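A closer look at the structure
Chain residues, written in single-letter form:
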Amino acid sequence: MSPRDHISVAAPATVANLTVGFDCLGLALERPLERLDLKRTDTPGVTIKEILGASLPMDPAKNVSSVAAQSVLKTLGVEWGVELTIHKAVLPGSGIGSSAASAASAAFGVAALAGADLKPHELLPLALDGEQVASGARHADNVAPALFGGLCLCTPDGRIDHLPAPDWHLTVVHPQTVIKTAEARAVLPYHVAMKDALHQMAQLGHFVHCCHTGDAMEAAFALEDVLAEPHRIPLQPHFREVQSAAMNAGARAGGISGSGPSSYWISFDKDTANDIGQAISTVFLQHGLDHHVHVGSIAERGAHIIEA
Ligand code: HSE
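This write-up is about the structure you can find in this document. (Residues numbered from 1 in each chain as written. Predicted model: local features only at pLDDT ≥ 70, side-chain atom pairs only at ≥ 80, totals over all residues. Heavy atoms only, no water.)

1. Considerations on a nonpolar patch on the surface
- The grouping of Met194, Leu198 and Met201 at the surface amounts to a nonpolar patch, some 360 Å² of accessible area in total.
- Along the chain, the position of Met194 falls in helix α6 (residues 194–213). (Patch = residues over 30% accessible without salt bridge, like charges linked within 9 Å, V, L, I, M, F, W, Y side chains within 5 Å. Areas by Shrake-Rupley, 256 points an atom, 1.4 Å probe, with all protein chains shown as cover. Salt bridge = Lys/Arg side-chain N within 4 Å of Asp/Glu carboxyl O. Helix = DSSP H or I, 4+ residues; strand = E, 2+ residues; numbered from the N terminus.)

As structure tokens, then:
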């Protein structure tokens, strides 16, 4: 990559946890995609020119994008700075990786602006510096797929295993309410029972096995969570009704996306995926709750340059 004076990049929304892999599993969605414009400045450091689409901190020390950008500048040791124009399309508190899309686009964008070829294990911790500002923890299950695309199994210390992605259709429904990740983490227990840990370990192992054998149906059936989801369901708007509507419309599995309020549902053809979206829409309309529906597959592409 050659250095540039300005660049526009995009990073995808993501579904973290995928029910079976709390804090260690996540996938990239085809849409929504978040855009970030970066301009090189002579003054060192990061400035935020504008944030479109959401109300977020303009203070570079408190903003996810600028913190991730600053970490990359520091690592590269450059003497110039960067000005950011942030176009929020993945909305904060949505459960589809808003802060990860910001952190990934900023980390990837500054590296691309500098023409630096940072390796995944080098880029991930820098993007996580940004993610930590929003969620209060260094979980990589949104940031890794937002940066690298596909289905990622990852550890907090930055090891990423790309899993072969099952051939699923995904219906993601985002009710227009906000659940802050930090608050959804606060309801989780500090300790878990050994029998639950063993069950979860076996389910995750089975899921990984099914990805490698290409058994998309069995991989969907492995999606079970006894650790986090039961504690978070009370926070989710009308979750049991949404779940019934999705399963009756043909979903084979699904659950809370990240820490919610979005949910994701798996099917095996596009028509069923659309039917699931329609069925969940009906539930939210009955409750007068505005919402967005996204139907697609697992995106192979993570953060990337938007060519003019
Ligand atoms: N793994 C994180 C959590 C994802 O569930 O708290 C947040 O989107």
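Once the structure has been displayed, the description carries forward.
2. Notes on the sheet that holds strand β10 (residues 291–296)
- What the four strands build is an open sheet, ordered β8-β9-β7-β10; its pairing is antiparallel. Strand pairing shows two members of the sheet lacking a second neighbour, β8 (253–256) and β10, which therefore form its edges. Strand after strand, the sheet turns through a mean of 15 degrees between neighbouring axes, direction not considered.
- Of the strand pairs in this sheet, strand β7 (residues 169–175) and β10 are connected by six bridges, and their pairing is antiparallel. Paired with His174 across the two strands is His292, which belongs to β10.
- Contacts between helix α9 (residues 239–248) and the sheet are confined to β8 and β9 (263–267), with β9 contributing the most and set at about 15 degrees to the helix. (Pairing = 2+ DSSP bridges. Axes fitted to C-alpha atoms, helices over the stretch in contact; angles between N-to-C directions. Contact = heavy atoms within 4.5 Å.)

3. As for unusual backbone geometry
- In this structure, Pro32 follows Arg31 across a cis peptide bond, with omega equal to 0 degrees.
- Relative to the assigned elements, Pro32 resides in strand β2 (residues 25–41).
- In the segment running from Gly260 into Pro261, the intervening peptide bond is cis, with an omega of 10 degrees.
- Mapping Pro261 onto the fold places it in the loop between β8 and β9.
- In this structure, Asn17 is a non-glycine residue whose phi angle is positive, near 75 degrees.
- Checked against the element boundaries, Asn17 lands in the loop between β1 (6–16) and β2.
- For His238, which is not a glycine, the phi torsion comes out positive at approximately 55 degrees.
- One can find His238 in the loop between α8 (229–232) and α9.

4. Regarding the nonpolar core
- Formed by 44 residues in total, the largest nonpolar core has its most connected members in Leu38, Val82, Leu84, Leu124 and Leu147.
- Per-element accounting of this core gives the leading share, eleven residues, to helix α2 (residues 98–114).
- Leave out the neighbours within four places in its chain, and Leu84 touches Leu36, Asp37, Leu38, Val46, Thr47, Ile48, Lys49, Glu50, Ser65, Ser66 and Ala69. (Core = buried A, V, L, I, M, F, W, Y, C linked by side-chain atoms within 4.5 Å. Buried < 20%, exposed > 50% of the residue type's maximum accessible area, 1.4 Å probe, protein only.)

5. Looking at the packing of aromatic side chains
- Under the counting rule described, the total for this entry stands at two aromatic pairs.
- Ring geometry for Trp168 against Phe207: centres 6.2 Å apart, planes inclined by 45 degrees, an arrangement best described as tilted. Of this pair, Trp168 sits in the loop between β6 (160–163) and β7 while Phe207 sits in helix α6, placing them 39 residues apart in sequence. The pair formed by Trp168 and Phe207 is uniform in burial state, with each residue classed as buried.
- Just above the ring of Trp80 sits the side chain of Arg40; from NZ or CZ to the centre is 4.0 Å. (Phe/Tyr/Trp six-rings, centres within 6.5 Å; stacked < 30°, edge-to-face > 60°. Lys NZ or Arg CZ within 6 Å of the ring centre and 35° of its normal.)

6. Brief notes about the pattern of salt bridges
- Here the structure, examined in full by the defined rule, presents nine salt bridges.
- In this structure, Asp23 and Arg185 form a salt bridge, with 2.7 Å as the shortest nitrogen-oxygen distance. Linking Asp23 in the loop between β1 and β2 with Arg185 in helix α5 (residues 181–186), this pair joins segments that are 162 residues apart in sequence.
- Judged by relative accessible area, Arg185 falls into the partly exposed class, the value being 22%.

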